[in-house]
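# Examining the three-dimensional arrangement
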Amino acid sequence: VKVGSVLIDVDVAGAPEPVPAKPVEAAPTPAPVAAAATAIQQFKLADIGEGIAEVQLTEWFVKEGDEVKEMDNLCAVESDKASVELTSPYSGKVAKIYFKTQETVKVGSVLVDIATAGVAAPAPTSTTTASAAPTKPPAAAAAAAAAA
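Residues numbered from 1 in each chain as written. Predicted model: local features only at pLDDT ≥ 70, side-chain atom pairs only at ≥ 80, totals over all residues. Heavy atoms only, no water.

So, on to the pairing of strand S2 (residues 54–60). As defined by bridge partners, S2 adjoins strand S7 (residues 104–106) across three bridges and the pair is classed as antiparallel. Bridge assignment links Glu54 to a residue of S7, and that residue is Lys106. Relative to strand S4 (residues 73–78), S2 is paired through four bridges, and the arrangement is antiparallel. Its bridge partner lying in S4, Trp60 is registered against Cys75. (Pairing = 2+ DSSP bridges. Helix = DSSP H or I, 4+ residues; strand = E, 2+ residues; numbered from the N terminus.)

What follows covers the nonpolar core. As a rule of thumb, soluble globular proteins bury nonpolar side chains together. Of all hydrophobic cores here, the largest spans 19 residues; its most connected members are Trp60, Leu74, Leu111 and Val112. Every residue in contact with Leu74, bar those within four places of it in the chain, is listed here: Phe43, Trp60, Phe61, Val62, Val68, Leu86, Thr87, Ser88, Val112 and Ile114. (Core = buried A, V, L, I, M, F, W, Y, C linked by side-chain atoms within 4.5 Å. Buried < 20%, exposed > 50% of the residue type's maximum accessible area, 1.4 Å probe, protein only. Contact = heavy atoms within 4.5 Å.)

As for its placement among the helices and strands, Glu54 is situated in strand S2. Sequence separation between Glu54 and Ser79 is 25 residues; the distance between their C-alpha atoms is 7.2 Å. Among all residues touching Glu54, those that are not within four sequence positions of it are Ser79, Thr104, Val105, Lys106 and Val107. At a separation of 3.1 Å, a polar atom in the side chain of Glu54 contacts the side chain of Lys106. (Polar contact = N/O pair within 3.5 Å; in protein donor to acceptor, adjacent residues only side chain to side chain.)

Right, let's get into the sheet that holds strand S8 (residues 110–117). One open sheet holds the four strands; their spatial order is S1-S8-S6-S3, and the pairing between them is antiparallel. Of all strands in the sheet, those bounded by a partner on one side alone are strand S1 (38–44) and strand S3 (67–68). Pairing of S1 with S8 involves seven bridges; the strand directions are antiparallel. Among the inter-strand pairings, Thr38 is bridged to a residue of S8, identified as Ala117.

A few words now on the pattern of salt bridges. Two side chains of opposite charge can pair, provided their charged atoms sit close to one another. Counted by the stated rule, this structure contains two salt bridges. Across the salt bridge formed by Lys106 and Glu54, the nearest N and O atoms sit 3.1 Å from each other. On the criterion of sequence distance, the pair formed by Lys106 in strand S7 and Glu54 in strand S2 is long-range, its members being 52 residues apart. When the shortest N-O distance is used, the salt bridge between Asp66 and Lys63 registers 3.3 Å. (Salt bridge = Lys/Arg side-chain N within 4 Å of Asp/Glu carboxyl O.)

This part takes up the environment of Leu57. Looking at where Leu57 falls in the secondary structure, it is placed in strand S2. When the C-alpha atoms of Leu57 and Val84 are compared, they prove to be 9.8 Å apart, with 27 residues separating the residues in sequence. If we skip the residues at most four places from it in the chain, Leu57 touches Cys75, Ala76, Val77, Phe99, Lys100, Thr101, Gln102, Glu103 and Val105.

Before going further, it helps to spend a moment on unusual backbone geometry. For Met71, which is not glycine, the phi torsion reads 80 degrees and is therefore positive. Its place among the elements puts Met71 in the loop between S3 and S4.

This paragraph deals with the sheet that holds strand S5 (residues 83–87). One key point about sheets: their strands pair by backbone hydrogen bonds, in either a parallel or an antiparallel sense. Across the sheet, four strands lie side by side as S5-S4-S2-S7; this open sheet has antiparallel pairing. Of all the strands in the sheet, the pair left with one neighbour each is S5 and S7. Averaged over all pairs of adjacent strands, the angle between strand axes in this sheet comes to 40 degrees, irrespective of strand direction. (Axes fitted to C-alpha atoms, helices over the stretch in contact; angles between N-to-C directions.)

This is how it looks when you write it as structure tokens:
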């Protein structure tokens, strides 16, 4: 399934016949570069629930310069209600660690920066207007014609 393609068409009784949407043209592929671009991804302490506003950082499993993969353990944190090990949402190199063990970290604070090779921040791929209506799939058109 391509991004932006129609997944489902809903037929609304009394609605005017939809106008076919213009196909989305693929963006030109940029020329390859000699070195892969590097983006810094910030990993923030998410709200772990139960009304917890801050945690104590109990252990780091990585250090600056370490390579990590998605889902690798980064650190352990503890609150008065729970102890949790936090995993990396990114693959890359640990660029900066913001807190030391036994420090208190507030929810929303950046814990670590991870340099991800070849991955830039996501950019919008295309813009769609709310007035663009999807076309009927062949099966729905045939069913509508048979019912008439």
